[in-house]
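Residue-level listing of the chains:
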Amino acid sequence: MTTEFILGILLPFLGTAFGAACVFAMQGRLHTKVQRALTGFAAGVMVAASVWSLLVPAMEQAEDMGRWAFLPAVIGFWLGVLFLLVLDRTIPHLHQNSSQPEGLHTRLKRTTMLVLAVTLHNVPEGMAVGVVLAGWMAGNGGITAAGTLALSIGIAIQNFPEGAIISMPLRAEGVGKGRAFLYGILSGVVEPIATMLTIWAAGFILPALPYLLSFAAGAMIYVVVEELIPEASAGEHSNLGTLFFGLGFTVMLALDVALG
């Protein structure tokens, strides 16, 4: 395994782990404004990654289709949206600042459903890293080692606040620091698993790479619109989430250009 491959898989997970470790250094519950800022930032990174690291390369991969080069991106995007819609409707989970669980009815604990909510949108992030790594490993000229590293770093950066967003509220609800940290870690474990499974699957269907790239993009955009943006805007009106969305977007954009 090359260094780029190992970093591509581990960096996003480490971002979640370091974020979850904030539970040992901080006291009490995350302030609402801080949570809005972190959520907005994560949303901005995910949107930029979806466009520049996934959808644009998907259309570049389909250039030989001429004026229909957009078709794989559109089809893959909608498949990704529908895939997350199915997961959202079936997996029991509970969003932050909400008392109404979503998904199938279950008797799971509130803390478990909070972890599942974060785990749910870590799946498309792991898939995004996996499909880009698969394209690079296959020697696809449109995907570079630096580009895969840029995506992994961007996902890791936005995973840091996500780790804190899951561990800190759990601590505030009475969960011990060690368990809150462990839950934060567990919510991120799904990313390297999703990455490896996507790499394995892509190895069999590399001609479908444009569809896989846009599939991951659609899944990520679903998470942003359905979960992150509403959370960043919930409660008393504030522009903080919007401003940090812009910051996250430009950080990911800069990474993609500078390293890609």
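Because the structure is a prediction, the values reported are computed rather than measured.

Reading the values: the criteria
Residues numbered from 1 in each chain as written. Predicted model: local features only at pLDDT ≥ 70, side-chain atom pairs only at ≥ 80, totals over all residues. Heavy atoms only, no water. Helix = DSSP H or I, 4+ residues; strand = E, 2+ residues; numbered from the N terminus. Rg over C-alpha atoms; globule rule 2.2 N^0.38 Å. Buried < 20%, exposed > 50% of the residue type's maximum accessible area, 1.4 Å probe, protein only. Contact = heavy atoms within 4.5 Å. Polar contact = N/O pair within 3.5 Å; in protein donor to acceptor, adjacent residues only side chain to side chain. Expected span 1.5 Å × (residues − 1). Arc of directions from axis to C-beta. Axes fitted to C-alpha atoms, helices over the stretch in contact; angles between N-to-C directions. Parallel < 35°, antiparallel > 145°, perpendicular 65-115°, else oblique. Left-handed = near helix turned anticlockwise from the far one by under 90°. Nonpolar A, V, L, I, M, F, W, Y, C, P; charged D, E, K, R; others polar. Patch = residues over 30% accessible without salt bridge, like charges linked within 9 Å, V, L, I, M, F, W, Y side chains within 5 Å. Areas by Shrake-Rupley, 256 points an atom, 1.4 Å probe, with all protein chains shown as cover. Salt bridge = Lys/Arg side-chain N within 4 Å of Asp/Glu carboxyl O. Core = buried A, V, L, I, M, F, W, Y, C linked by side-chain atoms within 4.5 Å. Phe/Tyr/Trp six-rings, centres within 6.5 Å; stacked < 30°, edge-to-face > 60°.

**Some points on the overall build of the chain**
Line of reasoning, step 1. A tally of regular secondary structure across the chain gives eight helices and zero strands.
Line of reasoning, step 2. Along the chain, from the amino end to the carboxyl end, the secondary structure elements read α-α-α-α-α-α-α-α.
Line of reasoning, step 3. Relative to its length of 260 residues, the chain is compact, with a C-alpha radius of gyration of 18 Å against a globular reference of 18 Å.
Line of reasoning, step 4. By principal-axis analysis of the C-alpha atoms, the chain measures approximately 55 × 35 × 35 Å.
Line of reasoning, step 5. Out of the 260 residues belonging to the chain, those deemed buried represent 50%.
Line of reasoning, step 6. Sequence separation of 24 or more characterises 81% of the internal contacts of the chain that already satisfy a separation of 6 or more.

**Some thoughts on the side chain of T198**
Line of reasoning, step 1. Topologically, T198 is positioned in helix α6 (residues 177-202).
Line of reasoning, step 2. Of the residues examined, T198 reaches a relative accessible area of 13% and is grouped as buried.
Line of reasoning, step 3. At 2.7 Å, the side chain of T198 and the backbone oxygen of A194 are in polar contact.
Line of reasoning, step 4. Ignoring anything within four residues of it in the chain, the contact list for T198 reads M127, G130 and V131.

**Observations concerning helix α3 (residues 71-90)**
Line of reasoning, step 1. The end-to-end C-alpha distance of α3, which contains 20 residues, comes to 29 Å, matching closely the 28 Å that a straight helix rising 1.5 Å per residue would cover.
Line of reasoning, step 2. By the burial criterion, the buried members of α3 are P72, A73, G76, G80, V81, L84, L87 and D88. The buried residues of α3 occupy one face: seen down the axis, they fall within an arc of 160°. Exposed residues pointing more than 90 degrees away from the buried face of α3 are listed as W78 and R89.
Line of reasoning, step 3. Structurally, α3 contributes buried residues whose contacts are with α2 (32-61), α4 (110-137) and α7 (209-233).

**Some remarks on the packing of helix α5 (residues 145-172) against helix α8 (residues 240-259)**
Line of reasoning, step 1. Viewed as axis vectors pointing N to C, α5 and α8 meet at an angle of 160°, and their least axial separation amounts to 8 Å. Regarding the angle of α5 to α8, the classification is roughly antiparallel. Pair α5 / α8 crosses with right-handed handedness. Of α8, the residues touching α5 (which contributes A146, G147, A150, L151, I153, G154 and I157) are V251, M252, L255, D256 and L259.

**Topic: the packing of helix α1 (residues 3-20) against α4**
Line of reasoning, step 1. Relative orientation of the contacting elements α1 and α4 amounts to 175°, with a least axis distance of 11 Å. With respect to their mutual orientation, α1 and α4 come out roughly antiparallel. Across from E4, F5, G8, I9 and P12 in α1, the residues of α4 making contact are V129, L133, W136 and M137.
Line of reasoning, step 2. The class makeup of the residues in the contact of α1 with α4 is seven nonpolar, one polar and one charged.

**What to know about a nonpolar patch on the surface**
Line of reasoning, step 1. A surface patch of nonpolar side chains, amounting to about 980 Å² of accessible area, comprises M59, M65, W68, F70, L71, V74, I75, W78, L79, L82 and Y211.
Line of reasoning, step 2. Looking at the nonpolar patch element by element, the count peaks at six residues for α3.
Line of reasoning, step 3. Judged by its relative accessible area of 30%, Y211 is partly exposed.

**Some thoughts on the nonpolar core**
Line of reasoning, step 1. Of all hydrophobic cores here, the largest spans 40 residues; its most connected members are L54, L84, V132, L151, L213, M220 and L228.
Line of reasoning, step 2. Every element with two or more residues in this core is listed here: α1, α2, α3, α4, α5, α6 and α7.
Line of reasoning, step 3. Counting residues per element, this core draws most heavily on α2, at 11 residues.
Line of reasoning, step 4. Contacts of M220, omitting those with residues within four sequence positions, involve M46, A49, S50, L54, P124, E125, A128 and I155.

**A closer look at the environment of V251**
Line of reasoning, step 1. If you trace the backbone, V251 turns up in helix α8.
Line of reasoning, step 2. Relative accessible area serves as the criterion here: at 26%, V251 is assigned to the partly exposed category.
Line of reasoning, step 3. When the C-alpha positions of V251 and F41 are compared, they lie 9.3 Å apart, and in sequence the two are 210 residues distant.
Line of reasoning, step 4. Sequence-distant contacts of V251, defined by excluding residues within four places in its chain, comprise F41 and I157.

**Quick word on the packing of aromatic side chains**
Line of reasoning, step 1. Within this structure, the stated rule accounts for four aromatic pairs.
Line of reasoning, step 2. Plain terms: the ring middles of F24 and F181 are 5.3 Å apart, the flat faces sit at 55° to each other, and that makes the pair tilted. Here F181 lies in helix α6 and F24 lies in the loop between α1 and α2, a separation of 157 residues in the sequence.
Line of reasoning, step 3. Their ring planes at 80° and their centres at 6.5 Å tell us that F77 and W78 sit as a pair that is edge-to-face.
Line of reasoning, step 4. When its relative accessible area of 21% is taken as the criterion, F77 is described as partly exposed.

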